[in-house]
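Structure assessment
Residues per chain, in single letters:
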Amino acid sequence: MTTNTDTAQTPRPGLMARLARLWRHRWHDEHDVRRLLPPEAVERLGRRVAASEARHTGQVRICVEAGLPWSYIRRGASARDRAVTLFGKLRVWDTAQNNGVLIYLLVADHAIEILADRGIDAHVDAAEWAAMAQRMKGAFREGRFEDGLTQALEEVSALLVTHFPAEDGAEAPRRMNELPDLPVLV
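Let me sum up the structure you'll find in this document. Note that this is a predicted model, so its numbers are computed, not measured.

Digging into the environment of Val 64
Mapped onto the elements, Val 64 comes out in strand E1 (residues 59–65). The class of Val 64 is buried, set by a relative accessible area of 1%. Put simply, Val 64 and Tyr 104 are 40 residues apart on the chain and 5.8 Å apart in space, counted from C-alpha to C-alpha.

Focus on unusual backbone geometry
The phi torsion at Arg 91 lies on the positive side, around 65 degrees, for a residue other than glycine. Along the polypeptide, Arg 91 turns up in the loop between helix H5 (79–89) and strand E2 (100–106). The backbone of Asn 98 sits at a positive phi, close to 50 degrees, despite the residue not being glycine. Tracing the chain through its elements places Asn 98 in the loop between H5 and E2.

Describing the pattern of salt bridges
Between side chains of opposite charge, pairing is possible as soon as their charged atoms come close. Overall, the coordinates contain nine salt bridges when judged by the stated rule. In this structure, Glu 146 engages Arg 44 in a salt bridge whose closest nitrogen and oxygen atoms are separated by 2.7 Å. On the criterion of sequence distance, the pair formed by Glu 146 in helix H8 (residues 145–163) and Arg 44 in helix H3 (residues 39–53) is long-range, its members being 102 residues apart. A salt bridge links Arg 135 to Glu 155, with the shortest nitrogen-to-oxygen separation between them at 2.5 Å. With Arg 135 in helix H7 (residues 126–141) and Glu 155 in helix H8, this pair connects stretches of sequence that are 20 residues apart. Looking at Arg 135, the relative accessible area reads 38%, which means it is partly exposed. One network of salt bridges, in which partners are shared, links Arg 44, Arg 48 and Glu 146.

Observations regarding the pairing of strand E3 (residues 111–116)
Counting buried positions along E3 gives five out of six residues, so the element sits mostly inside the fold. Bridge count for E2 against E3 is six bridges, and the pairing is antiparallel. By the bridge assignment for E3, Leu 102 is matched with Leu 115. The hairpin formed by E2 and E3 contains four residues between the paired strands, and His 110 there has a positive phi angle of roughly 50 degrees.

With respect to the sheet that holds E1
With respect to topology, four strands assemble into an open sheet ordered E3-E2-E1-E4, the strand pairing being mixed. Pairing within the sheet leaves two strands with one partner each, and these edge strands are E3 and strand E4 (184–185). With two bridges connecting them, E1 and E4 associate as parallel partners. Following the sheet pairing, Val 64 is matched in E4 by Leu 185. Sheet strands in contact with H8 are E1 and E2, and its direction is about 160 degrees off that of E2.

Brief notes about the nonpolar core
Ranked by internal contacts, the top residues of the largest apolar core, which has 32 residues, are Trp 129 and Leu 149. Looking at this core, the elements with two or more residues in it are helix H2 (30–36), H3, E1, E2, E3, H7 and H8. The contacts of Trp 129, once residues within four sequence positions are left out, are Val 101, Ile 114, Ala 116, Ile 120, Asp 121, Val 124, Val 156 and Leu 159. Leu 86, Phe 87, Tyr 104 and Leu 179 belong to the second largest nonpolar core, which has 17 residues in total.

Criteria and thresholds
Residues numbered from 1 in each chain as written. Predicted model: local features only at pLDDT ≥ 70, side-chain atom pairs only at ≥ 80, totals over all residues. Heavy atoms only, no water. Helix = DSSP H or I, 4+ residues; strand = E, 2+ residues; numbered from the N terminus. Buried < 20%, exposed > 50% of the residue type's maximum accessible area, 1.4 Å probe, protein only. Salt bridge = Lys/Arg side-chain N within 4 Å of Asp/Glu carboxyl O. Pairing = 2+ DSSP bridges. Contact = heavy atoms within 4.5 Å. Axes fitted to C-alpha atoms, helices over the stretch in contact; angles between N-to-C directions. Core = buried A, V, L, I, M, F, W, Y, C linked by side-chain atoms within 4.5 Å.

Next up, the structure:
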């Protein structure tokens, strides 16, 4: 991952844009997330993650966050910055085959980030991840949040099955579920 230390070339948004962003992130809370994904939908998504992981050796986490913490807003951090932090905090990077994937939705910014660990990312180009995020956005625009997350999960699963299939047969070692399956709502 590269960082840009030349802040002179990156213009800061104006005061009104920063205030509007602050308002959006303070306005959205866990009630918004629960309205978009009620407990039954969270349970269904968790079961879908578990079923997906039975078909491959990867680990998939879904994280939906209402708004960024104040420290992120204050420094003008992006949804990607937050997703990278959560990728580490949720231990998606810490899988045995480096094939974890985080599907992250930031409600306040209508932002979607899909982060993949180096094992799976080596097999999938950036355009494919971006296209997946765009398809999710289409479902979200129509208010179909569970459907959008399910579609993304199915697409991520197909990639993991292709590149990291589960071993079959009686000799296949019993695979441990390395990460929780239920989506994280922040």
